[in-house]
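Overview (structure and organization)
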Amino acid sequence: MDVSVVIVNWKVKDLLRRCLASVYRETKGASFEVLVVDNDSRDGSIEMVLKEFPEATLIMNNTNRGFAAGNNPAIERAEGDFVVLLNPDTELRDDALTAMVRWMREHPEAGILGPRLAGADGKLQPSVRRFPGLADQALIMLKLHHPLRKLAPLRRYFADDFDYGKAAEVDQVMGAAFMISRKCLAELGGLDERFFIWFEEVDYCKRAKQAGFQVWYAPVATVTHNGGESFAKAFGPKKQGYFNDSLRKYFAKHHGHLAAFAIMLLHWPSMGLAWLAQAVRDARSHNHAAYPQFGDSPRNVDKQNESFFGGGFYGTYRMALLFFLLFECVSIAAYLVPSTESPVYLMVMGVALVFALFQPALAMLLLLAELFIGSQGGYLITYGAEQGLYLSLRHGLFLLIVAVWFAELLASTLAGGERRKKAWDWFRLMGKRRVLVPYALMLVVIVFGVARGVLLGNRFNTVFFDVDRYFYFGLFPALVAAFADPSLRRRAVPVLAAAITSAVLKALAILFFFSHRMFVVASNVYLWVRDTRVGEITIMVSDFYRVFFQSQIFILFSVFLAALLFAYAASTRTARARGALAFVCWSMVSMVLSLSRSFWFGGAVATFALAAILVWGRARAVVWKRLLFVGIASAVSAVCIILLVYVFPFPNKSGQVSLTTLLGERAFSLSDSAANSRWALLPKLVEAAEKRPVFGSGFGTTVTYKTEDPRLLASNKTGEYTTYAFEWGYHDLWLKIGLVGLAIYAWFIGAVALPLLRAVRASRRDYREADLGTQGGQKEKAVLAAGVLVGLIAMLATNVFSPYLNHPLGIGILMLVGAYGLYGAFDVEERGQRTEHRG
């Protein structure tokens, strides 16, 4: 037999039919057999081959094994003197196989032959390349082969000087129509199955030449190649992932592990660019229904996606967690190597700009991601610090996204018609939900506080840096407008969960470095934490350190919601219930390790509020038992995890610590330096606020008090300290915006919380039994409303001692709750409350 035709198919039934028809129609001068391998297409391809081409040999796989592993079983069964690997998206012309067989018999030194490839329009398709090198592949992975196509490494790799009108020996030919001699197969065997897709034919050409065979291109036959239709079914980022994986394996095999490591380092920048390109393509096609770059499976995209914890949660969570961990590494690297800080900052801002222009939901998600882990806002990358300009990533993202949103709003307004109406939907929605007026008055309070501070003689730079934190209120309209996209509402929650997971991992890593006296690492980490204002690292006893992040407020806010989801699960054995339990246990690690009395106070108040709701709702015993179990299990597991990290014997540790004693002393001791300083500040704050109690003294107002903070005493032996930033949150507000401003702020908070309060009031009987039922149903909304309300109460209680309502962290929580409430995430129906009460 002259030739065996091997075709691997995956979900391209119609193209396969045309390919097979061309093989049988156009092969007249040679004896041949056809072997079709189906990689679990499930699109009717198998039935079509059996019915329409019964003479073909059919091999059926129960999974998609890829190109190499798909071809090899057919190659082993092939009986021809030559084997041609043919893509299902090709069509033969003019007895092409006969011409290729004839040429190969005339050139016995050739082990591999590639014909001329042409597109459906008849135009030549370049099919010859030289073997890949590190420089050209790096440029391709970073998408620079488009704008920099004339660079020498790229021109070499793409063989721009090759003459397709003549036969020539080459490095490699494209695998769309890939003829191999029997002698070559006997020596080399089949394709390397480590390559799932891509580079398997490059590897085979490389091995053939190493074995002494020649690889040839010859235009003696033309094959129509419709161009990657089978693989086009994969998402862009997924396609890039396959490419990167195969390229790394190729370099490891033929260029060594150092070259493979270089490819591995380029993987995530390459994937980031692929996701960015996918977002732009989605925007151009107006496809806002799904974002496959976040790992969703098509079977998860259904109506349940509108649920608070809808489909695609774990795919988004995994991808976000990976990015958070990568960003932590980038932040530390940029801090340790200052020359990389500005380029990385500008690159992130460039990505944010593209998102803001083409995918506003993704831009807002990026902004929220920074907020979830950004603590005081100097986190990750700061730009221009050496020149005296402090523009953090939070500043940059905020200014960019709000500016792009406002420009779009202005353009839509000027355009008029339906575009203008749609652009102002957020305004009408806020008005309908009675949030617009208190929000507008809150902006007036901020402007008034700035003017009052300046007029009363407060230093201008102090006024600016004081009010800077309130500017985040300006994000609310853009956030509400962005939340019109349901994909953002779906993905904000798993991104928050990933941020919390990352924060706990970071806290445990810091504890390990410091408690094990790994000073080289610990010193750099400490400087990074201090200078980027991520949080605080304080030694307590016997090498045990307190690790506190301001952004842990999101953990305190979220943990009650997760606990309620577990308590009200239809079964505690479901993946959802187990995930909620694991989340609470993991989050409690951070709450314990923070040793924050403010958090503990907020948690205690929220616990009483939760108990009150359940008592009022007459919750069944099973709900109470599950909550008790969550509390005990999370506390025990948190202590065990912390102690395990503390005593883990690498390097060996000899110090011992009683964590329970430490927690008790921290909770009930009010005589340490931090507590003494805070109590010393309180009467001074009250005294200053009473001078102008109604309208306040404006932003930038300072108070002098005596501190016992050892860090401040090191530079000021008297302990006299003057500042405009205070620990007592409500007293801070009273001093600067007065009782009138406090009343308006309370009105705004009430407007944000009103949907939660209504949902709780209308859902009394929903809090009785543990059975959430269907996602997105009435009972789920009632439980979510209760959990978010209790989390909000925890944050408001924490603000008594630690200021969060004057900071993007607390303001961000208010805006998120408000945006979810505006879109009805917590809306439930009023259902016979009076009758139920009598019953």
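Since this is a predicted model, take the numbers as computed values, not measurements.

Considerations on a nonpolar patch on the surface
Residues V454, F460, F464, F465 and F471 make up a contiguous nonpolar surface patch of about 500 Å² in total accessible area. Looking at which element gives the most residues to the nonpolar patch, the answer is helix 19 (residues 460-467), with three residues.

Overview of the environment of F398
Note on placement: F398 falls in helix 15 (residues 393-415). A relative accessible area of 12% places F398 in the buried class. F398 sits 77 residues away from L475 along the chain, and the two C-alpha atoms are 7.4 Å apart. Sequence-distant contacts of F398, defined by excluding residues within four places in its chain, comprise L367, F471, Y472, G474 and L475.

With respect to helix 21 (residues 486-515)
Compared with an ideal rise of 1.5 Å per residue, which puts 30 residues at 44 Å, helix 21 spans 44 Å between its outermost C-alpha atoms and is within 8% of the ideal. Of all the bends in helix 21, the greatest reaches close to 25 degrees and is centred on A492; the proline P494 follows between one and four positions later. Counting buried positions along helix 21 yields 26 of 30 residues, so the element is predominantly enclosed. Phi for R517, located one or two positions after helix 21, is positive at around 55 degrees.

Points about the pattern of salt bridges
Per the counting criterion, the structure on display carries 30 salt bridges. Where R428 meets D425, a salt bridge forms, and the shortest distance between an N and an O atom there is 2.5 Å. In this pair, R428 and D425 are both assigned in helix 17 (residues 425-432), three residues apart and thus about one turn of the helix distant. Relative accessible area serves as the criterion here: at 37%, D425 is assigned to the partly exposed category. A salt bridge links R469 to D466; the nearest nitrogen and oxygen atoms lie 2.5 Å apart. Of the two residues, R469 and D466, both sit in the buried class.

Remarks on the nonpolar core
Grouped burial of nonpolar side chains is what soluble globular proteins tend to show. Counting 165 residues, the largest nonpolar core has M364 and Y745 as the members making the most contacts within it. The element contributing the most residues to this core is helix 21, with 16 residues. The contacts of M364, once residues within four sequence positions are left out, are I401, L475, A478, L479, A482 and L488. One finds L85, L139, I140 and F199 within the second-largest nonpolar core, a separate group that totals 50 residues.

Here we look at the environment of T340
Tracing the chain through its elements places T340 in the loop between helix 12 (313-336) and helix 13 (341-358). Given a relative accessible area of 31%, T340 falls into the partly exposed group. As a C-alpha pair, T340 and V330 span 10 residues in sequence and 9.6 Å in three-dimensional space. Engagement of the side chain of T340 in a polar contact is seen with the backbone oxygen of V337, the distance being 2.8 Å.

Comments concerning the packing of helix 12 against helix 22 (residues 519-531)
Running from amino to carboxyl end, helix 12 crosses helix 22 at an angle of 95 degrees, the nearest separation of the two axes being 10 Å. Taken together, the axes of helix 12 and helix 22 lie roughly perpendicular to each other. Between helix 12 and helix 22, the contacting residues are E328, S331, I332, Y335 and L336 on the first element and N524, L527, W528 and D531 on the second. Residues that form the contact of helix 12 with helix 22 fall into these classes: five nonpolar, two polar and two charged.

Regarding unusual backbone geometry
One non-glycine residue, R42, lies in the positive phi region at around 55 degrees. As for its position among the elements, R42 is in the loop between strand 2 (32-39) and helix 2 (45-52). In the Ramachandran plot, W198 falls in the positive-phi region, its phi being about 80 degrees despite a non-glycine side chain. Note on placement: W198 falls in the loop between helix 7 (182-188) and helix 8 (200-210).

As for the packing of aromatic side chains
A full pass over the atoms with the stated rule returns 40 aromatic pairs. Taken together, a centroid distance of 5.8 Å and an interplanar angle of 70 degrees make the contact between F473 and Y745 edge-to-face. In this pair, F473 is assigned in the loop between helix 19 and helix 20 (476-482) and Y745 in helix 30 (residues 729-761), connecting sequence segments 272 residues apart. One aromatic cluster is present, formed by W198, F199, F243, Y250 and F251 through successive ring pairs. Sitting above the plane of the F131 ring, K206 keeps its charged end 4.6 Å from the centroid. The positively charged end of K506 is found above the aromatic ring belonging to F549, 4.6 Å away from the centroid.

A short note on the pairing of strand 1 (residues 3-9)
Most of strand 1 sits out of view: seven of its seven residues are buried. The alternating pattern of strand 1 places V3, V5, I7 and N9 on one face and S4, V6 and V8 on the opposite face, and all of these are buried. The β-α-β motif built from strand 1, the intervening helix 1 (residues 13-26) and the parallel element strand 2 has right-handed crossover chirality. Of the pairings in the sheet, the one linking strand 1 to strand 4 (residues 82-86) comprises five bridges and is parallel in character.

Concerning the pairing of strand 3 (residues 57-61)
For strand 2 and strand 3, the ladder comprises five bridges, and the chain directions are parallel. Each bridged residue has a counterpart across the sheet, and for N39 the counterpart in strand 3 is N61. Note on the crossover from strand 2 through helix 2 to strand 3: the handedness is right-handed.

Things to note about the confidence of the model for the chain
When pLDDT is averaged across the chain, the result is 85; 87% of the residues are at 70 or more. Ranking the elements of the chain by mean pLDDT puts helix 33 (residues 833-838) last, at 38, and helix 18 (residues 436-455) first, at 96. Within the model, pLDDT remains below 50 along residues 228-235, and this stretch shows 16 contacts once partners closer than five positions in the same chain are excluded. Here residues 286-311 is a poorly scored stretch, pLDDT under 50, and it has 63 contacts once near neighbours within four places are set aside; other chains count.

Procedures and definitions
- Residues numbered from 1 in each chain as written.
- Predicted model: local features only at pLDDT ≥ 70, side-chain atom pairs only at ≥ 80, totals over all residues.
- Heavy atoms only, no water.
- Patch = residues over 30% accessible without salt bridge, like charges linked within 9 Å, V, L, I, M, F, W, Y side chains within 5 Å.
- Areas by Shrake-Rupley, 256 points an atom, 1.4 Å probe, with all protein chains shown as cover.
- Salt bridge = Lys/Arg side-chain N within 4 Å of Asp/Glu carboxyl O.
- Helix = DSSP H or I, 4+ residues; strand = E, 2+ residues; numbered from the N terminus.
- Buried < 20%, exposed > 50% of the residue type's maximum accessible area, 1.4 Å probe, protein only.
- Contact = heavy atoms within 4.5 Å.
- Expected span 1.5 Å × (residues − 1).
- Bend = angle between axes of the 7 residues up to and from the residue.
- Core = buried A, V, L, I, M, F, W, Y, C linked by side-chain atoms within 4.5 Å.
- Polar contact = N/O pair within 3.5 Å; in protein donor to acceptor, adjacent residues only side chain to side chain.
- Axes fitted to C-alpha atoms, helices over the stretch in contact; angles between N-to-C directions.
- Parallel < 35°, antiparallel > 145°, perpendicular 65-115°, else oblique.
- Nonpolar A, V, L, I, M, F, W, Y, C, P; charged D, E, K, R; others polar.
- Phe/Tyr/Trp six-rings, centres within 6.5 Å; stacked < 30°, edge-to-face > 60°.
- Lys NZ or Arg CZ within 6 Å of the ring centre and 35° of its normal.
- Right-handed = clockwise from strand over helix to strand, strands pointing away.
- Pairing = 2+ DSSP bridges.
- pLDDT = per-residue confidence, 0-100.

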